[in-house]
Amino acid sequence: MKQSNRIGGRIFIGLTFLFLYLPIFLLIIFSFNAGDSSAVWKGFSLEWYRALFQNRLIMESLYTTLLVSLLATAIATAAGTFAAIGLYSLGRRKRDALLVVNDIPMMNADIVTGVSLCLFFVAFFQGWGAFARWFNGVQGVVELPERLVLGFGTMLLAHIAFNIPYVILNVAPRLRQMDKNLVDAAQDLGCTWMQAFWKVILPEIKPGIVSGALIAFTMSIDDFVISYFTAGSSTSTLAMRIYSMTKKRITPEVNAVSTLLFLSVLVLLVLNNVREVRQERRAQRQDVRPPSFFEKLSMRLSSPAWKWARRGLAGAMACAFVVLTVLLTGATSSQPVVNVCSWGENIDEELITRFEDETGIRVNYQTAESNETLYSLLKSGGADYDVIVPSDYMISQLMEEGMLEELDYSRIPNFALIDQRFRNLPYDPENKYTVPYAWGTLGLIYNTSMVDGEIDSWGALYDDQYAGDVLLIGNSRDALGVALLYLGYSVNTTDEGEIREAFDLVADAGRRGVFQGKVMDEVFQKMEGGNAAIATYYAGDYLSMLDNNEDLAYVIPKEGANWFVDAMCVLKDAPHYDEAMEWINFIASTDANLANMDYIWYASPNTEALERYPAYYQENSEDGEPLDLELYEIMAPPAEVLERCEMYTVLPPETRTLYNDLWIRLGT
Amino acid sequence: MRNKRGWFAVPYVIWMALFVVVPIVIMAVYAVTTADPATGELQLTGSNFTGMGAYLSVFLRSFWLAVVATLVCLLIGYPVSYWMAKEGPRFQRVAMALIMLPMWMNFLLRTYSWMSILENNGLLNQLFRAIGLLDLLGVDHIQMIGTPGAVVLGMVYNYLPFMILPIYSVIVKLDNSLIEAARDLGADGARVFTKVIFPLSLPGILSGVTMVFVPSVSTFAISRLLGGGTQMMLGDLIEQQFLGGAYNPHLGAAISMVMMVIVVLCMVVMNHFGEGEEQAVML
């Protein structure tokens, strides 16, 4: 019976490991896929590894992840050990009280820790800003930076904060087990406390320190939530990068980077295992190993005669660390930078490289999911952008709240190329804040192979016939706007009854299981892969999807739709105003607009680019095939189509609160 | 070293005050105030809490899914730990390493690996199609992504090691003579387990349950990636208020506070069961 039990146990353990590792192996296999799908095998290739090493964003985030994990582990281990020794020198009552506080970050959900730290940093920055302004006002010798933002530093502090408790938790039992008389004995025999620490305490608690450091590192490298809330917009760990990628088209580069990570950890583990086995064998044979070079060195260094050398070395290392940090930050900040935030899949990335080569300005290109998330980012103090590309109604809202800076049009000569139709629009009547970037319509996309007949009404979104195959658009303005259109109301209504009626329409469809999900840029993979049949999305993105799935169709339903303009604006007090002007001027040029149009399939507001695009397309297509004018009309719809469409205007604050409120409720 | 090195703790006390206590106080302040839309001034209000009833379904779903995930983890994790502890040291070491290994890859990568498996056109559905299961059922695909089951699966997959590690570390240290004594006194296998082994491994179970339940109840990435935005959980609700599509940090802070209090209450109740037992240390 015992034997069978044992076999059963092994089988169970084996199945558990299969469950743990099968997904990882699939991930690894598909990193060698020739196609860009994670589900359809198209043959072997190393293409994605090549692409990975050329992907600056992923490589940078990998570097950030490793750096923050290693630094946080090192600092937290030292500080935690130090603190644990301190705690154990305190009286029992004090120690227990402090250990309860020490447990808080471990007991708390990550998201609570992340959110509370984010609020703390932002509150601190506000206080600091007030102080710095006052300080810079009363004296002119030292100039303090007035504007601090979330970034690598705050993320590192957060990591240290959640790592220290784990180190203490691991070191504390070792200290408790240690015979306290040992230290007294060592000191009675003439050791200084320092020597007693190195020779008596440290060897005793070393296993605790090692396992503490290991756990701290594991927690750091595995963390996503706390980094997400404390890193701000300009710093990304690998996890954050992947999270933002899953919202768009995720490419097998992610599989490649996972594979490399997995293999390197595996190699480390195997090496460690081999080492441990060897040590054990040696211990069994009980041979005494001669002290290694480092052990001899540390023994020599800990003798009192070397006190000054020790202190000098520590000082030199501290100086070197400070100098290195300053140099590193200096090296990265001396190059001019511009921080741009746009939407996913919204630029031909070669334009970024071209701009960097021409001007020597480094572009830090970030994306936001929707106008609403962009607003949250800006408000929560985590964003460090210069140029943003919001849509019409959000521009009005940002202007209302005084968050935009006026542009210096004398430095944007290419503004002259912008078509009259796209100047002085209602959101910026005097055109003081914006340069249009792209425009288009919001329409209904459906997969003709999954839907019988043609669709010409928004009603399809709420139709039981398509239950489970409809994707609801993931932002409140578009989702409720479309429902309002279907009900025959204006998208800009402020009538609470009408808005609630639209909400009920959507919520009811949700309850009946019509929606498969609530998506923004996830729509690409869902629609292209045939994972959903109907979606609401933007014309330009439809054309991108069409490239990958010919069955998709786009309509502007008979109830009408929304048309929008996305425009570049500069945030108030943007730290890189001059570089921002250069970027805007570059993007407004005809060349950039043509390249962008060809890549993102959104219509350009540039007159020349609009005229020249059909010819440009033909020149650049592989077999000189002319542009399909029907598609061009979807991209840049003629006046009669735009007449059926309504532009969003900014809603009053009460209506916005209502929208937010209803929107959150939709998910519940 | 007694009492002489007490000042070693001072920097850490200051650090904790700054990075643990103050942030929670700030969060509490946010929770009981609201910003005037016109002036941005803070006003004291209880409306963040009173209006929370509308999200009852989110609270219920979060706690329900987290409880299910924790139970599944326990049902898988306990036998694995138990049988692992019975193996030789070599086996144990390798098994421990294998359990830890995925954690060094970051949990988002692990969750992502399930996305491509569970999609409607994903690997699992392709497999079902290839073996004719879909034709048999007469459906085009089996809906897996976007269901509560997918979210629970993601939680179990990600947090199972957190259940195994503490239970294993307690069981492996169990005093074998206790088990032998029980046997000598006539207990059969089942009784030894229920009367000796299980009660003694309770501290490990408690800390495992904590370590699985807390991240599960508050997750937002797993429900977002595998739940397709339809399985909103508390974490999503909070994230939406801070960095998502409905900016209202005051409400977000209030929800965080409530969640924190409920979780702490759960922990207190649970630790009451394991009275006097010390939290098992990981590894």
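What counts and how
Residues numbered from 1 in each chain as written. Chains lettered and ligands numbered in written order. Predicted model: local features only at pLDDT ≥ 70, side-chain atom pairs only at ≥ 80, totals over all residues. Helix = DSSP H or I, 4+ residues; strand = E, 2+ residues; numbered from the N terminus. Buried ≥ 20, exposed ≤ 12 C-beta atoms within 10 Å, placed from the backbone. Contact = placed C-beta atoms within 7 Å. Nonpolar A, V, L, I, M, F, W, Y, C, P; charged D, E, K, R; others polar. Core = buried A, V, L, I, M, F, W, Y, C linked by C-beta atoms within 7 Å. Pairing = 2+ DSSP bridges. Axes fitted to C-alpha atoms, helices over the stretch in contact; angles between N-to-C directions. Parallel < 35°, antiparallel > 145°, perpendicular 65-115°, else oblique.

Asker: Looking at this structure, I do not really get the overall build of chain A. What am I missing?
Answerer: The helix and strand tally for chain A stands at 26 helices and eleven strands. Relative to its full complement of 668 residues, chain A shows a buried share of 43%. For chain A, contacts bridging at least 24 residues in sequence account for 77% of all contacts bridging at least 6.

Asker: What is the right way to look at the interface of chain A and chain B in this model?
Answerer: Where interface size is given, it is often the accessible area lost as the parts come together that is meant. Taken together, the contact pairs 93 residues of chain A with 94 residues of chain B. Across the side of chain A that touches chain B, the residue classes break down as 55 nonpolar, 30 polar and eight charged.

Asker: What am I meant to see in the nonpolar core here?
Answerer: Val115(A), Val387(A), Leu480(A), Ile534(A) and Ile584(A) are the most contacted members of the largest nonpolar core, which totals 263 residues. At 17 residues, helix α8 (residues 148-171) of chain B tops the list of elements feeding residues into this core. In this structure Ile534(A) touches Leu444(A), Tyr446(A), Val451(A), Ala460(A), Leu461(A), Tyr466(A), Asp469(A), Val470(A) and Leu471(A), once residues within four positions along its chain are discounted.

Asker: Looking at this structure, how should I read the pairing of strand β10 (residues 561-571) of chain A?
Answerer: Residues in a regular strand point their side chains to alternate faces of the sheet. All names here are of chain A. Counting buried positions over the eleven residues of β10 gives eleven, a clear majority of the element. Covered by surrounding structure in β10 are Ala561, Trp563, Val565, Ala567, Cys569 and Leu571 together with Asn562, Phe564, Asp566, Met568 and Val570, the residues of both alternating faces. For strand β3 (residues 387-388) and β10, the ladder comprises two bridges, and the chain directions are antiparallel. Within β10, the residue paired with Val387 across the bridge is Val570. Strand direction decides the pairing type here: strand β4 (residues 404-405) and β10, joined by two bridges, are antiparallel. The residue bridging Leu404 from the neighbouring strand is Leu571, located in β10. In the sheet, strand β5 (residues 435-447) pairs with β10 via seven bridges, with the strands oriented antiparallel. If you follow Leu442 over to β10, its bridge partner there is Asn562. Summarising the sheet, β10 and strand β11 (residues 645-646) pair through two bridges and their orientation is parallel. Residue pairing for β11: Asn562 is matched across the bridge by Glu646.

Asker: I tried to follow the packing of helix α2 (residues 47-54) of chain A against helix α11 (residues 253-285) of chain A on my own but got confused; where do I start?
Answerer: Two quantities define a packed helix pair, namely the angle between the helix axes and the distance between the axes. Residue and element names in this part refer to chain A. Relative to each other, α2 and α11 sit at 90°, their axes nearing to 8 Å. What the angle tells us is that α2 and α11 run roughly perpendicular. Each of Trp48, Tyr49, Ala51 and Leu52 in α2 lies in contact with α11, whose residues at this interface are Glu253, Asn255, Ala256 and Val257. The class makeup of the residues in the contact of α2 with α11 is six nonpolar, one polar and one charged.

Asker: Hey, could you run me through unusual backbone geometry in this one?
Answerer: If a residue is not glycine, its phi is most likely negative; likewise, a peptide bond is most likely trans. Residues and elements named next belong to chain A. If you check the backbone angles, Asn424 has positive phi at about 50° while not being a glycine. Overall, the presence of 13 C-beta atoms within 10 Å leaves Asn424 in the partly exposed class. The backbone phi angle of Trp601 is positive, close to 65°, even though this residue is not glycine. Take Trp601: it is sitting in the loop between α22 (590-600) and α23 (607-620). Exposure remark for Trp601: the 24 C-beta atoms within 10 Å place this residue in the buried category.

Asker: Mind showing me how you'd approach helix α16 (residues 392-400) of chain A here?
Answerer: Every α-helical turn comprises 3.6 residues, leaving residues that sit three or four positions apart pointing alike. All names here are of chain A. All of the buried residues in α16 are Asp392, Tyr393, Met394, Ile395, Ser396 and Leu398. On the buried face of α16, the contacting elements are α15 (371-379), β4, α17 (476-486) and β10. In the segment just after α16, Gly402 is the residue with positive phi, at about 65°.

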